[in-house]
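Okay, here's what each chain looks like letter by letter:
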Amino acid sequence: FLCLPRCSSLPASVRHGILRERVDAACQRAQVEGPRNLSRLRPVTSSSQERAENVVDGSGSEWFPASEATQWLEIDLEASVQVEQVRIQWWGDYGTKSSVQV
């Protein structure tokens, strides 16, 4: 999250320059650190609430719906973000029986 301290007395061009430096620095850190897990510990809702939070806990634990019926899972990223990659770890042959919508 990028914000400027109260600096309304600064000219707009100076505020813009400070903000641009912070954005550039954040972009450089992101390139060095690699992709982030945007879903980690975010709110999750599913058709079967049983253990749905396991999907976003970052531990590799699993979520198996209790029913054979069609299931769904929704993760609220709580912000408008650019998603560049979606990674799913499927167990067994679940990946061949499933579809993903982003």
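Our structure's up above, just so we're on the same page.
Residues numbered from 1 in each chain as written. Predicted model: local features only at pLDDT ≥ 70, side-chain atom pairs only at ≥ 80, totals over all residues. Heavy atoms only, no water.

## Thoughts on the overall build of the protein chain
Along its length, the protein chain carries 1 helix and 2 strands. Tracing the protein chain from N to C terminus, the helices and strands come up as α-β-β. For the protein chain, with 102 residues in total, the buried portion stands at 9%. For the protein chain, long-range pairs separated by at least 24 residues make up 36% of all intrachain contacts whose partners lie at least 6 apart in sequence. (Helix = DSSP H or I, 4+ residues; strand = E, 2+ residues; numbered from the N terminus. Buried < 20%, exposed > 50% of the residue type's maximum accessible area, 1.4 Å probe, protein only. Contact = heavy atoms within 4.5 Å.)

## What to know about a nonpolar patch on the surface
The grouping of Val81, Val83, Val86, Ile88, Trp90, Trp91, Tyr94, Val100 and Val102 at the surface amounts to a nonpolar patch, some 840 Å² of accessible area in total. Tracing the sequence through the fold places Val102 in the segment after strand 2 (73-75). Among the residues examined, Val102 registers a relative accessible area of 82% and is labelled exposed. (Patch = residues over 30% accessible without salt bridge, like charges linked within 9 Å, V, L, I, M, F, W, Y side chains within 5 Å. Areas by Shrake-Rupley, 256 points an atom, 1.4 Å probe, with all protein chains shown as cover. Salt bridge = Lys/Arg side-chain N within 4 Å of Asp/Glu carboxyl O.)

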